[in-house]
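Observations on the model geometry
Each chain, letter by letter, is given below.
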Amino acid sequence: MQLVIAEKPSVARDLARVLGMRGAGKHAIEGSGRVVTWCIGHLVELEEPAAYQPAWKAWRLDTLPMLPTAFKLRPVPGTRDQLRAVRELLCDRRFSEVVNACDAGREGELIFRYVYELAGSRLPIKRLWISSLTDEAIRAGFAGLKPGVELDALASAARCRSEADWLVGMNATRAVTVSSRAAAPRPRSPQPPGPPRRGQRRQSDSPLYSIGRVQTPTLAILVRRELEIRQFRPRDYWEVRGVFVAAGAAAQATEKVTATWGVVLPDGKAIRSRLGERALADGVVARGESAAGGPPASVERPVVERLRQKRVREAPPLLFDLTSLQRTANRRYGLSATATLAAAQALYERYKILTYPRTDSRHLTSDMGKELPKLFGALAALPDYAPFAAPLLETPPARSRRVFDDAKVSDHHAIVPTGKPVNLDDLPRDERRIFDLVARRFLGAFHPDAEFALTDVVIRVGPPEAGPRAAAEPRADDAAEPSGDETFVTTLPPPPDRYRARGRVRLVAGWQAVAQLGEGRGADGDGGPELPPLAEGQRLDGKLEVVTKQTRPPPRHTEATLLGAMESAGRDISDEEMRAAMRDSGLGTPATRAATIETLIRRTFVARDGKNLVPTDMGIGLIDALPEKSLASPELTGTWEARLSRVARGEETRAAFMADISRYVSDVVAAIRGGAGVVRTAATPSSAGVVRGAAPATSAPGLAKPARVKPPRAKPAAGRAGETTTATTLACPRCKQGTLVAGNRGWGCGRWREGCPFVIWFEIAGRRITEAELTDLVSKGKTRKRKWRSGEGAEIGGRLVLDLSATRNAGAARLDAHGD
């Protein structure tokens, strides 16, 4: 007899119906040689600290860090009745196997494994792994159940995530809260002692500083942007615009060219147009007025000096994963990430017209190609999509690697329609909007590229330069404004003046017609004005004017932009394909990011202001008060998530990851205990197993104080435990930006917090490296020959050579026993 455990009651009822089981039960459904029961989300969670040691009940620094040798489980309050029923079934000897039918992902695996472990069950495990809840998908899933052992690596990653969150959250929250309380003035009246219960505020004058492995770095992203906005000082600047028409044309001519004065940079792709003083702008207008509109006999009229036209193609955007769907829905409709997930989940579970939404993949597997006619046919039956689906039925599209790529599909493929018939009028508003986005994105992926005509015009006002054209480059302020915009022009270049106009006209709508993007708009919604026909050497008339502007601070994050920042671990990456390539290194997972944002809002660290997310004073105070700044590092947490993905793929062990987390927690507690406000570079889990080829981490400017840098920790070298950090004058040969510093175990790059992994250990092959050998390694790439010790203790001759591709753990110095 088979026991089936689903994640939710509604899914359990669907499974039972498809399996031909009739009837209902309070805790399970039985029939046809099976019993289907369900969880209610998480039924089991990790125990509180006091369950491990009585001393851990009190919130005290001297009891930290709390590092259980083995984690204990407990029932989630409020679900004990269902848990009792599931436990009894798992221990029932009638069953020969149990099917894990929880959601096919990391959290679904954890929900099942925790219940299975707490029940002490020994039933063989089978895994139901499906991407949609249509009847066909369920039948196919049960016909091809996977052995549970195939998902053991995913289960290990799930446990690592859960236990790492416990270790960081429990220890860091207590350490920061207690140290803050100790540093604060004593309250006038005593407060009741004892720790708060989970989720409950401490009854004292000091706040509870709730720290989370993903939550706190996400808050730091918002705080960093808020501080940039608050520190921003607007600055006036001026631009000169010219409105040009063909020479001799009527003043009211409609075919006008509006161009902006500026210095065209040597690459021809940009201009500097912002003038730092009004007098400079007036000077440009004064020296150009006669040329722009004067009689032909007196001056040389403006002339089209350069005209560049080209035709470009824009490919359809990638299919949706959850994060990109949430970002698009937020930009298009103002839906929150939580509302988008709820709508997509309803379309998956209740209506069964979308595939599994909690995915991080934006491609389809090759075997889905045979499903295309069915999917196109279902959409062709809907009037909204018939004009775009019908041609795909008549002429089947080619299978592009932009859509089908097995190597880029992890647990689940991209979100697409299931092909189940649907009446759009029956869908609630949010569900209809989400389905519409997914359906149009899916159909658009099989339509032609959009095509545009790009025009770039440079208009010269004034006579040409004598002799070869000079690169008239004005002097600009040394520092750019805080928002990162271009520098200001502070000295006018010699004449002639040049004005630039750019236009973009859509020639072929292609996929954009499916996506309902307006004329001239690209995937990002940006377009450009249509320019009239022009020719190089053509004479023009024009009118010049000064436009006063003011610099603007960077915009506050919306949920769309914050989700993008979480996906790329805080790095400002606008290209969707680059962001997809970094999906393993983001903050959290697509399934948890919406909940993280809501947690920050619920705990009053963040507030909504229309579409914007704004950190509160409490949220800013939390980030500012952190004695250990790595707790707020998006890059550090991103590397953890990347390692969790490696554990799920079986490329890294659970033991190695958890050992590094425990070491990190110990170092964080030691740093906090050493004094509030002290910033230390503790050994972190990122010191081992950093994903090769990942983009370098970037620090959060304005949040962290100057730090004493130590290279990553390796195995202890005898007698070196107390050595302090000292700097050298040697440049890092890997990033070529930092300088080397000597720490406890070796020499490392001073920019290691920014992501540079370069390190050379003090001791290699049984010998300590001298400073002269270090200098030779860095400057020459090798040392002189000398005697070293082999692993068996025998002396061998050879030299050290520099290996910049080596991992952190190995170090960049490699012994070459056969070196000449």
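Residues numbered from 1 in each chain as written. Predicted model: local features only at pLDDT ≥ 70, side-chain atom pairs only at ≥ 80, totals over all residues. Heavy atoms only, no water.

Below, the discussion takes up the overall build of the protein. Helix and strand counts for the protein stand at 20 helices and 27 strands. With 820 residues in all, the protein has 52% of them scored as buried. Partitioning the contacts of the protein with sequence separation of at least 6, the portion at a separation of at least 24 is 73%. (Helix = DSSP H or I, 4+ residues; strand = E, 2+ residues; numbered from the N terminus. Buried < 20%, exposed > 50% of the residue type's maximum accessible area, 1.4 Å probe, protein only. Contact = heavy atoms within 4.5 Å.)

On to the confidence of the model for the protein, then. Within the protein, residue pLDDT values average 82, and 80% of them lie at 70 or more. Predicted confidence for residues 187-205 stays below pLDDT 50, and this span has 28 contacts to residues more than four positions away or in other chains. When the criterion is pLDDT under 50, residues 522-526 qualifies, and its contacts beyond four places in sequence or with other chains add up to eleven contacts. (pLDDT = per-residue confidence, 0-100.)

Pairing of strand 17 (residues 606-609) with strand 18 (residues 612-615), which is carried by four bridges, proceeds in the antiparallel orientation. If you follow Arg 608 over to strand 18, its bridge partner there is Leu 613. Counted between consecutive antiparallel strands, the loop separating strand 17 from strand 18 contains two residues, among which Gly 610 sits at a positive phi close to 65 degrees. (Pairing = 2+ DSSP bridges.)

Here six strands make up an open sheet; going across it, the order is 2-3-1-6-7-8 and the pairing mixed. The strands lining the two open edges of the sheet, one partner per strand, are strand 2 (28-31) and strand 8 (146-147). Pairing geometry for strand 7 (residues 125-127) and strand 8, over two bridges, is antiparallel. The partner of Lys 126 across the bridge, within strand 8, is Pro 147.

Let's shift gears to helix 3 (residues 106-119). Given a rise of 1.5 Å per residue, 14 residues ought to cover 20 Å, and the 20 Å separating the end C-alpha atoms of helix 3 matches this to within 8%. The buried fraction of helix 3 is high, at eleven of 14 residues. For helix 3, the full list of buried residues reads Arg 106, Gly 108, Glu 109, Leu 110, Ile 111, Phe 112, Arg 113, Tyr 114, Val 115, Tyr 116 and Ala 119. Just downstream of helix 3 lies Gly 120, where phi reads positive at about 70 degrees. (Expected span 1.5 Å × (residues − 1).)

Attention now goes to the pattern of salt bridges. All told, the structure shown has 54 salt bridges when counted by the stated rule. Linking Arg 161 and Asp 165 is a salt bridge whose minimum nitrogen-to-oxygen distance equals 2.9 Å. Remark: Asp 165 and Arg 161 occur in helix 5 (residues 152-183); sequence separation between them is four residues, near one turn of the helix. Taking relative accessible area as the criterion, Arg 161 reaches 15% and is therefore assigned buried. (Salt bridge = Lys/Arg side-chain N within 4 Å of Asp/Glu carboxyl O.)

Right, let's get into the state of the cysteines. Under the counting rule described, the total for this entry stands at zero disulfides. Free of any disulfide, Cys 39 has its nearest neighbouring cysteine sulfur in Cys 102, separated by 4.6 Å. Unpaired in this structure, Cys 749 has its nearest cysteine sulfur neighbour in Cys 735, at a distance of 3.7 Å. The buried category is assigned to Cys 749, whose relative accessible area is 1%. (Disulfide = S-S within 2.5 Å.)

Another point: the environment of Ala 389. If you trace the backbone, Ala 389 turns up in helix 11 (residues 386-394). Overall, the relative accessible area of 0% leaves Ala 389 in the buried class. Ala 389 sits 51 residues away from Arg 440 along the chain, and the two C-alpha atoms are 9.7 Å apart. Not counting chain neighbours up to four residues away, the residues in contact with Ala 389 comprise Phe 376, Leu 379, Ala 380 and Leu 443.

What follows covers the packing of helix 6 (residues 215-231) against helix 14 (residues 559-567). Following both chains from N to C, one finds helix 6 and helix 14 inclined at 125 degrees, their axes separated by 11 Å at the closest point. On the basis of the axis angle, helix 6 is oblique to helix 14. With respect to the hand of their crossing, helix 6 and helix 14 are arranged in right-handed fashion. Residues Thr 218, Ile 221 and Leu 222 of helix 6 form the contact with helix 14, whose participating residues are Leu 562, Ala 565 and Met 566. (Axes fitted to C-alpha atoms, helices over the stretch in contact; angles between N-to-C directions. Parallel < 35°, antiparallel > 145°, perpendicular 65-115°, else oblique. Left-handed = near helix turned anticlockwise from the far one by under 90°.)

Strand order in the open sheet made by the six strands is 13-14-15-10-9-16, with antiparallel pairing throughout. The sheet is open, and its two borders are formed by strand 13 (303-314) and strand 16 (540-550), each paired with just one other strand. Neighbouring strand axes in the sheet, compared pairwise and without regard to direction, differ in orientation by 25 degrees on average. Where strand 13 and strand 14 (residues 450-461) come together, eleven bridges link them in antiparallel fashion.

Time to look at the nonpolar core. In terms of nonpolar packing, the biggest core is built from 84 residues, with Leu 90, Val 98, Leu 631 and Phe 657 touching the most fellow members. The biggest single contributor to this core is helix 5, with twelve residues. Residue contacts for Val 98: discarding those within four places in its chain leaves Leu 3, Ile 5, Leu 90, Phe 112, Tyr 116, Leu 123, Pro 124, Ile 125 and Lys 126. (Core = buried A, V, L, I, M, F, W, Y, C linked by side-chain atoms within 4.5 Å.)

Before going further, it helps to examine helix 1 (residues 9-18). For helix 1, the complete set of buried residues consists of Val 11, Ala 12, Asp 14, Leu 15, Ala 16 and Val 18. Along its buried surface, helix 1 packs onto strand 1 (2-6), strand 2, strand 3 (34-38), strand 6 (97-101), helix 4 (135-143) and helix 9 (337-349). Just downstream of helix 1 lies Gly 20, where phi reads positive at about 80 degrees.

A few words on unusual backbone geometry. A cis amide bond, omega 0 degrees, links Leu 64 with the succeeding residue Pro 65. With respect to the helices and strands, the residue Pro 65 is situated in the loop between strand 4 (44-46) and strand 5 (73-75). Look at the link from Pro 495 to Pro 496: it is a cis peptide, with omega at 10 degrees. For Pro 496, the location among the structural elements is in the loop between strand 14 and strand 15 (497-508). Positive phi, close to 60 degrees, is recorded for Ser 32, a residue that is not glycine. Relative to the helices and strands, Ser 32 resides in the loop between strand 2 and strand 3. Phi is positive for Lys 736, close to 60 degrees, though the residue is something other than glycine. For Lys 736, the location among the structural elements is in the loop between strand 19 (726-731) and strand 20 (739-742). For Lys 736, a relative accessible area of 64% puts it in the exposed group.

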